[in-house]
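For reference, the chains in residue letters:
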Amino acid sequence: MSSFPHLHPQVAAYMGGSNEERIAVSRKDRWIGYPKAMTVLDALDQLIVYPATPRPPCRLIVARGDNGKTALLRQFQLRHPAVQLGDGGMSVPVLRVNMPAQPDLSQLWSEVLTRCATTHRRGDPASAKYAMVVSVLRVLKVRVLAIDEFNDVALARKGTSDVLAGIRKLSNELNLSIVAAGTEAAVHALAFDAQMRSRFSALSMPKWAMDLPYLNFLNTYERLLPLAKPSNLPGEELAPVLFAAGGEAIGGTVTLLRNAAALAIKSGEERITMEISRAVQETVSHANALSEI
């Protein structure tokens, strides 16, 4: 029997390592398939096998900031990895990119080409890059283009319509489904192109609440933190404190748990306590106050 039954076996294997190694494990990105996320992923999976159509279906994942959109897109890509074909070519079912912070079509096409490891000149006009994008996505047999931070398209202002029209043209030409992820601003941005908006079905990632899914999330996450003692994160005492500190976006809770686990290891406490949780909150609050000066 394991000496650390409260830990996942793969995590328990790190308990013989140094404090620095265990802190690094505590801070690793983790994917936890909570129910709402799995429902969204199952819906996205259908795009991979959707038959060819003149109007490829698209999905818009809507959530507030720091609520798991990027992790979800990453997991979607991992569920459909690139594979080597018998003829030596590659099949890349899902290509994931970020909407440029100052978007225009030239920058967006450069982002796609860069993700495809395709050499190009950033100073070339958008039309030249578009031809390269069409060619490389066709060769790679891309079925879904996933665009994170889609809400940033609104920052193009008068150029928003051009960016949306370019994405729509690419979708039509390659029978390519688009999965966009962003905040509510992404919904408003789609209003600039009625044809694009009509193709998108929204998949919302709601705010978290102090309910059973949240407690289950805490229970699972505790098994992934290499601490020698159980913390009982979903318990009646600690769970409300974690939720109040982390907020309604799950990213806040995850950041708190990572930092609390690191402090628990450094201090020798080896579990997350109320005192450690509060100490981490105070540190974060102080850092935020300094950043506003």
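Check the entry above for the structure.
In this text, all values refer to a predicted model and were calculated from it rather than measured experimentally. (Residues numbered from 1 in each chain as written. Predicted model: local features only at pLDDT ≥ 70, side-chain atom pairs only at ≥ 80, totals over all residues. Heavy atoms only, no water.)

## So, the packing of helix H2 (residues 19-26) against helix H12 (residues 250-267)
The line we're drawing: Interaxial angle, 0 to 180 degrees, is taken between N-to-C directions of lines fitted to C-alpha atoms, where a helix line uses only the stretch in contact. Runs of H or I in DSSP of at least four residues are treated as helices and runs of E of at least two as strands, each being numbered from the N terminus. Should an angle fall under 35 degrees it is taken as roughly parallel, and over 145 as roughly antiparallel, whereas 65 to 115 is taken as roughly perpendicular and any remaining angle as oblique. It is the rotation of the near helix from the far one that decides the hand of a crossing: anticlockwise by less than a right angle makes it left-handed, clockwise makes it right-handed. We call two residues in contact when some of their heavy atoms are within 4.5 Å.
In the contact formed by H2 and H12, the axes pass within 9 Å of each other and the chain directions differ by 165 degrees. One way to sum up the angle between H2 and H12 is to call them roughly antiparallel. By crossing handedness, the relation of H2 to H12 is classed as right-handed. Judged by residue contacts, Asn-19, Arg-22, Ile-23 and Ser-26 of H2 engage Arg-258, Ala-261, Ala-262, Ile-265 and Lys-266 from H12.

## Observations regarding the packing of aromatic side chains
To describe a pair of aromatic rings, you give the distance between the ring centres and the angle between the ring planes. Applicable threshold: Each Phe, Tyr or Trp ring (for Trp, its six-membered ring) is paired with any other whose centre lies within 6.5 Å, and the angle between the two planes then decides the class: stacked below 30 degrees, edge-to-face above 60, tilted in between. Partly exposed describes any residue whose relative accessible area lies between the buried limit of under 20% and the exposed limit of over 50%, with all areas from a 1.4 Å probe on protein chains only and scaled to the type maximum.
Overall, the coordinates contain eight aromatic pairs when judged by the stated rule. Consider the rings of Trp-208 and Tyr-214, whose centres lie 6.0 Å apart with planes at 70 degrees: the pair is edge-to-face. Centre to centre, the rings of Tyr-214 and Phe-243 are 5.1 Å apart; their planes meet at 80 degrees, and the pair counts as edge-to-face. Of this pair, Tyr-214 sits in helix H10 (residues 212-222) while Phe-243 sits in helix H11 (residues 238-246), and the two are 29 residues apart along the sequence. We note that Tyr-214, like Phe-243, is buried. An aromatic cluster is built from Tyr-34, Trp-208, Tyr-214, Phe-217, Tyr-221 and Phe-243, whose rings are joined through pairwise contacts.

## Some thoughts on the sheet that holds strand E7 (residues 200-204)
In plain terms, the rule: A pair of strands is considered paired only if DSSP assigns at least 2 bridges between the two.
The strand order E4-E5-E6-E1-E7 describes an open sheet built from five strands, whose pairing is parallel. Among the strands making up the open sheet, the edge pair consists of strand E4 (94-98) and E7. Adjacent strand axes in the sheet meet at a mean angle of 20 degrees when their direction is disregarded. When E4 meets strand E5 (residues 144-148), the two strands line up parallel, connected through five bridges. When the bridges of E5 are listed, Arg-96 appears paired with Ala-146.

## Focus: the pattern of salt bridges
Worth spelling out the cut-off: We define a salt bridge as a contact between a side-chain nitrogen of Lys or Arg and a carboxyl oxygen of Asp or Glu at a distance within 4 Å.
Taken as a whole and assessed by the stated rule, the structure comprises ten salt bridges. Across the salt bridge formed by Arg-121 and Asp-124, the nearest N and O atoms sit 3.3 Å from each other. For Arg-121, a relative accessible area of 62% puts it in the exposed group. Where Glu-269 meets Arg-271, a salt bridge forms, and the shortest distance between an N and an O atom there is 3.0 Å. Ionic contacts of the salt-bridge type, sharing partners, join the residues Asp-42, Asp-45 and Arg-79 into one network.

## Points about H2
Note the following rule: Starting at the helix axis, one direction is taken to each C-beta atom, and the arc is that of these directions.
Within H2, the full set of buried residues consists of Arg-22, Ile-23, Val-25 and Ser-26. In a view along the axis of H2, the buried residues occupy a sector of 160 degrees, so they form one face of it. Residues of H2 that are buried sit in contact with H10 and H12.

## Regarding the nonpolar core
Across soluble globular proteins, nonpolar side chains have a tendency to be buried as a group. We apply this condition: To qualify as a nonpolar core, a set must consist of buried Ala, Val, Leu, Ile, Met, Phe, Trp, Tyr and Cys residues joined through side-chain atoms within 4.5 Å.
Core analysis: the largest hydrophobic core is formed by 52 residues, its most contacted members being Leu-44, Ile-61 and Val-179. For this core, the element with the most residues is H12, which contributes nine residues.

## A few points about the side chain of Thr-273
Rules: Whenever two N or O atoms come within 3.5 Å, that pair is a polar contact, provided that in protein one can donate a hydrogen and the other can accept it, and provided that, for residues adjacent in sequence, both atoms are side-chain atoms.
You can see Thr-273 is positioned in the loop between H12 and helix H13 (274-291). Within the structure, Thr-273 has its side chain in polar contact with the backbone nitrogen of Ile-276 (distance 3.1 Å).

## Notes on the pairing of strand E1 (residues 58-62)
It is a general feature of regular strands that their side chains alternate between the two faces of the sheet. For E1, the tally of buried residues reaches five of five residues, placing the bulk of the element in the interior. By the alternation rule, side chains of E1 split into Cys-58, Leu-60 and Val-62 and Arg-59 and Ile-61, which are all buried. As paired strands, E1 and E7 are joined by five bridges and run parallel to one another. In the sheet register, Arg-59 faces E7, and the bridge partner there is Ser-201.

## Here we look at the side chain of Ser-171
You can see Ser-171 is positioned in helix H7 (residues 160-174). Judged by relative accessible area, Ser-171 falls into the buried class, the value being 1%. Within the structure, the side chain of Ser-171 is placed 3.5 Å from the side chain of Arg-199, a separation counted as a polar contact. Residues within four places of Ser-171 in sequence aside, it is in contact with Pro-56, Leu-176, Ile-178 and Arg-199.

## What about unusual backbone geometry?
If a residue is not glycine, its phi is most likely negative; likewise, a peptide bond is most likely trans. One non-glycine residue, Glu-149, adopts positive backbone phi at about 55 degrees. Residue position: Glu-149 is located in the loop between E5 and H7. In this structure Glu-149 comes out as partly exposed when scored by relative accessible area, which is 31%. Positioned with a positive phi, Glu-270 is a non-glycine residue whose angle comes to about 65 degrees.

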